[in-house]
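As a plain string of letters, each chain reads:
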Amino acid sequence: MRSLHTGHPRVRRRRLATLTALLVCVATAWIASPAATAAPAAGPVSPALVTTTAHPGNQVALTFDDGPSPQFTPQLLQVLRKHQVKAVFCLVGEQVEWQQAQVRAIVADGHTLCNHTYRHRDLTTVPPAEIEADIKQTNAQIRAAVPGVDIPYFRAPYGNWGQSPAVAANLGLRPLSWTLMPGDWELPGADVLLQRLRDGITPTGVVTLHDAGGDRQQTVDAVDRLIPEFKAKGWNFDLPAR
Ligand SMILES: [Zn+2]
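Under an unreviewed UniProt entry, the name given to the protein is Xylanase, and the source organism is Embleya scabrispora.

A.B. asks: Help me out: how do you make sense of the packing of helix 3 (residues 72-82) against helix 5 (residues 100-108) in this one?
C.D. replies: If you want to describe how two helices pack, look at the angle between their axes and the distance between the axes. It is the contact of helix 3 with helix 5, at a shortest axis distance of 10 Å, that shows an interaxial angle of 10°. In terms of orientation, helix 3 lies roughly parallel with respect to helix 5. Of the residues in helix 5, those touching helix 3 at Thr 73, Pro 74 and Leu 77 are Gln 102, Ala 105 and Ile 106. Residues of the contact of helix 3 with helix 5, tallied by class, amount to four nonpolar, two polar and no charged.

A.B. asks: So what exactly am I meant to see when it comes to helix 6 (residues 128-145) here?
C.D. replies: Every α-helix winds through 3.6 residues per turn, so residues three or four apart in the chain are directed the same way. For helix 6, built from 18 residues, the straight-helix expectation of 26 Å at 1.5 Å per residue is met to within 8% by its first-to-last C-alpha distance of 26 Å. Every buried residue belonging to helix 6 is among Ile 131, Asp 134, Ile 135, Thr 138, Asn 139, Gln 141, Ile 142 and Ala 145, and all of these are buried. On an axial view of helix 6, the arc spanned by its buried residues comes to 160°, and they lie on one face. Residues of helix 6 that are buried in the fold lie against strand 2 (88-91), helix 4 (93-97), helix 5, strand 3 (112-115), strand 4 (153-154) and helix 7 (164-170).

A.B. asks: Any chance you could explain the coordination of the zinc ion here in plain terms?
C.D. replies: Tetrahedral coordination by four donors puts the ideal angle at the metal at 109.5 degrees, and octahedral coordination by six puts it at 90 or 180 degrees. Those protein atoms acting as donors to the zinc ion are Asp 66 (OD), His 116 (NE2) and His 120 (NE2), and they sit at 2.0 to 2.1 Å. As a motif over one chain, the donors of the zinc ion read D-x49-H-x3-H.

A.B. asks: Would you mind going over the nonpolar core with me for this structure?
C.D. replies: The tendency in soluble globular proteins is for nonpolar side chains to be buried as a group. Formed by 46 residues in total, the largest nonpolar core has its most connected members in Leu 62, Phe 64, Leu 80, Phe 89, Leu 113, Ile 201 and Val 223. Excluding anything up to four places from it in sequence, Leu 62 contacts Val 85, Ala 87, Val 88, Val 207, Val 223, Leu 226, Ile 227, Phe 237 and Asp 238. In this structure, Val 50, Cys 90, Cys 114 and Leu 176 belong to the second largest nonpolar core, which totals nine residues.

A.B. asks: Can you walk me through the packing of helix 3 against helix 9 (residues 217-232) in this structure?
C.D. replies: Helix 9 packs onto helix 3 with a crossing angle of 5° between their chain directions and a minimal axis gap of 10 Å. Between helix 3 and helix 9, the angle falls in the class roughly parallel. Residues Phe 72, Gln 75, Leu 76, Val 79, Leu 80 and Lys 82 of helix 3 form the contact with helix 9, whose own contacting residues are Gln 217, Val 220, Val 223, Asp 224 and Ile 227. Along the lines of polarity and charge, the residues of the contact of helix 3 with helix 9 split into seven nonpolar, two polar and two charged.

A.B. asks: I would appreciate a short explanation of the pairing of strand 6 (residues 205-210) in the present structure.
C.D. replies: Successive residues of a regular strand alternate their side chains across the two faces of the sheet. Buried residues dominate strand 6, accounting for six of its six residues. Going residue by residue along strand 6, you find Gly 205, Val 207 and Leu 209 tucked away on one face and Val 206, Thr 208 and His 210 tucked away on the opposite face as well. Summarising the sheet, strand 1 (residues 59-67) and strand 6 pair through six bridges and their orientation is parallel. Looking across to strand 6, one finds that Thr 63 is bridged to Thr 208.

A.B. asks: It is not clear to me how the packing of aromatic side chains should be interpreted in this structure. Could you clarify?
C.D. replies: The relative placement of two aromatic rings is captured by the distance of their centres and the angle of their planes. Inspection of the entire model under this criterion finds three aromatic pairs. For the ring pair Phe 154 and Trp 161, a centre distance of 6.3 Å and an interplane angle of 65° mean the geometry is edge-to-face. Classification of Trp 161 as buried rests on a relative accessible area of 11%. On the numbers, 5.3 Å between centres and 65° between planes, the contact of Phe 230 with Trp 235 is edge-to-face. You can call Trp 235 buried: its relative accessible area is 14%.

A.B. asks: I'm lost on the side chain of Asp 238 in this one. Help?
C.D. replies: Inspection of the secondary structure assignment puts Asp 238 in strand 7 (residues 236-238). Salt bridges are absent for the buried Asp 238, whose nearest opposite-charge side chain, Arg 242, sits at 10 Å. Within the structure, the side chain of Asp 238 is placed 3.2 Å from the backbone nitrogen of Ala 54, a separation counted as a polar contact. Within the structure, Asp 238 has its side chain in polar contact with the backbone nitrogen of His 55 (distance 2.8 Å). In contact with Asp 238, other than residues within four places in its own chain, are Thr 53, Ala 54, His 55, Gln 59, Val 60, Ala 61, Leu 62 and Lys 86.

A.B. asks: Looking at this model, I keep getting lost on the pattern of salt bridges. Mind explaining?
C.D. replies: Pairing is possible between side chains of opposite charge, provided their charged atoms come close. Inspection of every chain in the model, using the stated rule, returns ten salt bridges. Arg 121 serves as the salt-bridge partner of Glu 130, at 2.7 Å between the closest nitrogen and oxygen. Of the residues examined, Glu 130 reaches a relative accessible area of 37% and is grouped as partly exposed. Look at Arg 121 and you get partly exposed, because its relative accessible area is 32%.

About the criteria used
Residues numbered from 1 in each chain as written. Predicted model: local features only at pLDDT ≥ 70, side-chain atom pairs only at ≥ 80, totals over all residues. Heavy atoms only, no water. Axes fitted to C-alpha atoms, helices over the stretch in contact; angles between N-to-C directions. Helix = DSSP H or I, 4+ residues; strand = E, 2+ residues; numbered from the N terminus. Parallel < 35°, antiparallel > 145°, perpendicular 65-115°, else oblique. Contact = heavy atoms within 4.5 Å. Nonpolar A, V, L, I, M, F, W, Y, C, P; charged D, E, K, R; others polar. Expected span 1.5 Å × (residues − 1). Buried < 20%, exposed > 50% of the residue type's maximum accessible area, 1.4 Å probe, protein only. Arc of directions from axis to C-beta. Donors = N, O, S within 2.8 Å, 3.2 Å for Na, K, Ca; no water. Core = buried A, V, L, I, M, F, W, Y, C linked by side-chain atoms within 4.5 Å. Pairing = 2+ DSSP bridges. Phe/Tyr/Trp six-rings, centres within 6.5 Å; stacked < 30°, edge-to-face > 60°. Lys, Arg positive; Asp, Glu negative; His and termini not counted. Salt bridge = Lys/Arg side-chain N within 4 Å of Asp/Glu carboxyl O. Polar contact = N/O pair within 3.5 Å; in protein donor to acceptor, adjacent residues only side chain to side chain.

Now the structure itself:
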């Protein structure tokens, strides 16, 4: 008697297939409509390295690498909050792993995230498939802290890009370079660091500093003085272009 019933599921399957096809058509039409194209892009972005701010003029973007740090990221967040400046944080996966609360604090303050590889790896000779796996693993680690968070940028450690710009762009992450890296890891003192920033910042420039990887008190102090000084001179603190 079982054979009598075998026809029914098949008919049901055919009806289901027709319905599915119809839904796919409707969905495709919806995606293709102009209104839908205004949604945030999830597809490939340009592999060209970003070296400018989003807006023209006396604009500068601050970016902070290698964090989070349990000591200096909170201090830096407080300074940025005080001066009402938004920045980019280029996070290292293995730092994120044990400091999820710091990532949540960065995002809660409205800053923008950047993927800086899982173990701060020099990508000079790394094959594309391995770079892709690293970027995905790092994104997953960041999103374990903040589900679904936007990670619009990728930055190669040491600026050794290798083949990473194309790989990152394919995954929807714009490679974020810089115009000024004033060497805060050399610990020149906050005064010297501030002077290097004064001398080196150019209109639409992107500055790379560090909020982790060593003693970053000088960085925090220099940024705390830089922002009011530049704002008083008519500068605006912008985000990098996307
Ligand atoms: Zn780095």
